[in-house]
Structures are given as C-alpha cells and as structure tokens.
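Structural features, examined
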Amino acid sequence: MTVRHFLKDSSVSPAEQSEILRLAIEVKADRLKRQPLAGPQAVAVLTDKPTLRTQLSFCVGVAELGGYPMFVDGKLAGVGRRESVADVARVLGRQVAAIVWRTYGQDRIEELASLVDVPVVNALTDDYHPCQVLADLQTAAEHLGGVDRLAGAKLAYFGDGANNMAQSYLLGGAVAGMEVVIATPGDYRPKAAVLAEAEAIAARTGAKVAVTQDVAEAAVSAQIVATDTWVSMGQEGDAEERRSPFVPYRVDEALMAKASPDAIFIHCLPAYRGSEVTAGVIDGPQSRVWDEAENRLHAQKALLIWLLAQAQAQTRAQG
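Presented here is a report on the structure given in the accompanying data block.

1. Observations concerning the overall build of the protein chain
Scanning the protein chain for helices and strands turns up 13 helices and 9 strands. In terms of C-alpha radius of gyration, the protein chain reaches 19 Å, essentially the compact-globule figure of 20 Å for 319 residues. Across its three principal directions, the C-alpha atoms of the protein chain cover 55 × 40 × 35 Å. Counting only residues that meet the buried cut, the protein chain has 56% of its 319 residues in that class. Within the protein chain, contacts between residues separated by at least 24 positions form 77% of all contacts whose residues are at least 6 apart in sequence.

2. A short note on the pattern of salt bridges
Applying the stated criterion across every chain yields a total of 14 salt bridges. Glutamate 64 is the partner of arginine 31 in a salt bridge, and the nearest nitrogen-oxygen pair spans 2.5 Å. Placement of arginine 31 in the loop between helix H1 (14–29) and strand E1 (42–47) and of glutamate 64 in helix H2 (residues 53–64) is noted, with a sequence separation of 33 residues between them. For glutamate 64, a relative accessible area of 12% corresponds to the buried category.

3. Considering the sheet that holds strand E3 (residues 98–102)
On the basis of which strands lie adjacent, the open sheet formed by 4 strands has the order E2-E1-E3-E4 and parallel pairing. Only two strands of the sheet have a single partner each, and these edge strands are strand E2 (68–73) and strand E4 (120–124). Taken pair by pair, the neighbouring strands of this sheet meet at an average axis angle of 20 degrees, ignoring direction. Two elements, E1 and E3, share 5 bridges in a ladder whose sense is parallel. Among the inter-strand pairings, valine 43 is bridged to a residue of E3, identified as alanine 98.

4. Overview of the pairing of strand E5 (residues 154–158)
Where burial is concerned, most of E5 is hidden: 5 out of the 5 residues are buried. Side chains Lys154, Ala156 and Phe158 of E5 all project onto a buried face; the interleaved residues Leu155 and Tyr157 project onto the opposite face, where all are buried too. Judged from the 5 bridges that link them, E5 and strand E6 (residues 179–183) form a sheet pairing that is parallel. Following the sheet pairing, alanine 156 is matched in E6 by valine 181. For the segment spanning E5, helix H7 (residues 164–175) and E6, crossover handedness is right-handed. In this structure, E5 lies alongside strand E8 (residues 224–227), joined through 4 bridges in parallel fashion. Across the sheet, residue leucine 155 finds its bridge partner in E8, namely isoleucine 224.

Rules used in this analysis
Residues numbered from 1 in each chain as written. Predicted model: local features only at pLDDT ≥ 70, side-chain atom pairs only at ≥ 80, totals over all residues. Heavy atoms only, no water. Helix = DSSP H or I, 4+ residues; strand = E, 2+ residues; numbered from the N terminus. Rg over C-alpha atoms; globule rule 2.2 N^0.38 Å. Buried < 20%, exposed > 50% of the residue type's maximum accessible area, 1.4 Å probe, protein only. Contact = heavy atoms within 4.5 Å. Salt bridge = Lys/Arg side-chain N within 4 Å of Asp/Glu carboxyl O. Pairing = 2+ DSSP bridges. Axes fitted to C-alpha atoms, helices over the stretch in contact; angles between N-to-C directions. Right-handed = clockwise from strand over helix to strand, strands pointing away.

Next comes the structure, spelled out in structure tokens:
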C-alpha cells in the first residue's frame, strides 16, 4: 500500500495544502468535533531533539482526536545507535496509527517512512520544519482574511537562510502561491537544491521566491515578517562566531516600519530577545507569535486527520 507521508512542505499539492489549512481553521473553532483516532488508537511522538511546542501540540492534538499519544524519547531509545532506524520502523509501524518524528538528518525520516504502512510526519529535521510552516500559513491566513488570500501575499524572512525554517518557508510559501523573500548573508543561503525546487513549484503556482542580502528590499510591502534563532540546535558551540553576520538582519522596530503598515511578526520560538528580534517587536502589537504557537496544535490535528483519511481511502480502494 502506498501511504501518504508529510516529510517536507512539498509533500502536498497546493489544493491539498489549502484543504489542510481550511481544516485547521475548522478544528480550531470546534476542537473536539473530529475524532478519527477514537478507540483510542496510538500515535508515536518520537523526539531526538529538545522540544516544548512539538511535544505539547502533538500530544494534546492526538488526545483531542480521540487517540493516545505515545511519547518516545529518541535519545533514550537510541534510534540509529542502540537500534537501527529500520528496526525501530518495523516495531513502531505494527503498533501505531501514525508516527511523528523530530530528528536530525532528513535521510533518517525518509528511511523510516519507506519501511512503514502508516503515515509519517516530519516534526522537524535539520532541513525542514513543515508542521511549523503549516501553522504559520494558518496564522497568516487568519490575518489576511482567509486561505485564499495567501496567494500573492509577501512573506519576508530575516536571518539564517540555510536553516530549516528558511527552507520550509521557500517550499511551503511556493506551494501556497506566495511571494517569499529570504534575507540572509551570502554565506548562509538556502541549499541550491531546495531553492531550485521552490522555483519549480513557483513556476506552477504563480508564486515568487527570492534570496537577497538587502534587508530593506526584503522588508518593503511584506505582510508577514519572520525570523528564527541565529543559532540552531547543534550549533551552540559556534554561537559567538555565528551571531555577528546576522546582526544587520535583526528584526527591530525600524525594520518593521519598512514593511506593510499592517504587517504581522511571526517566530517559531524559542526566541532570544535582543538577538534575532527586539523585545519591542516580539512583545508588541504586530506580534502574532502566541497565536502561531497555538496554531501548531490546530494545523497538526488537521494534518493528521487528512493523512489518516488518505490512508483509509487507500485501504478501501485496495479492498
């Protein structure tokens, strides 16, 4: 059976992404309306990296869908060290309705997905953070007045263009038909393959994607302003060296003033006030970071509902 997974932002088509986002808005309005995991069925929530919002939103979400969130500490399980990814996949795949994994290399989650007959969700890898971008698109749609308003809207990201958030913004924004501009130092551009994929998607959806070192150019007319920490997980040893190139890309009040007058600010969190963003912005009237954090719950519930429905439809089709 060919199972649909959500391994990166381009795992879904534009129509499918819109469907998931509309469903996210629906389940936000009535959190217990849909319970496809009633039984309860279990969903494995496996994390190798530090977590707060991922663990919280997926565990709460699975419970609200009528299921049982089976939290698995990846370090304790020793995935890839104590047991191979393949062996872990074969064990989990026989006992749960879906697998959510927050891990390091994209190759790890792709290997796991290739070995199971249940949906696999990328809750973060070094290359992508697609569930966060679904929540960000939901937050943007709420601000703009609907999912249909995403097409043509401008999202400007400032900071490390090589990290998972920047790369997911390129792909997810291109799928949504948005204008996505990544403002980053020249040495921190997104991977060439990711940018090429985003450009190919944009050619089909009418989106625009660009990478620039010009902060002012990126900010002009932006309706959504985004940033992320300058030091991602695993880079702590290079913290001081990494900070200096990004100082001109800090999101402060002056930068927000260059954006659209009604622009909103988003950040996947955790945030470091005084580094990538000033306190005046993240705690100010244009900030939507707390709505965005809550929307992780709703967007991920919608994604699970959609993936489980796809799996059920495939099972029925195969008799």
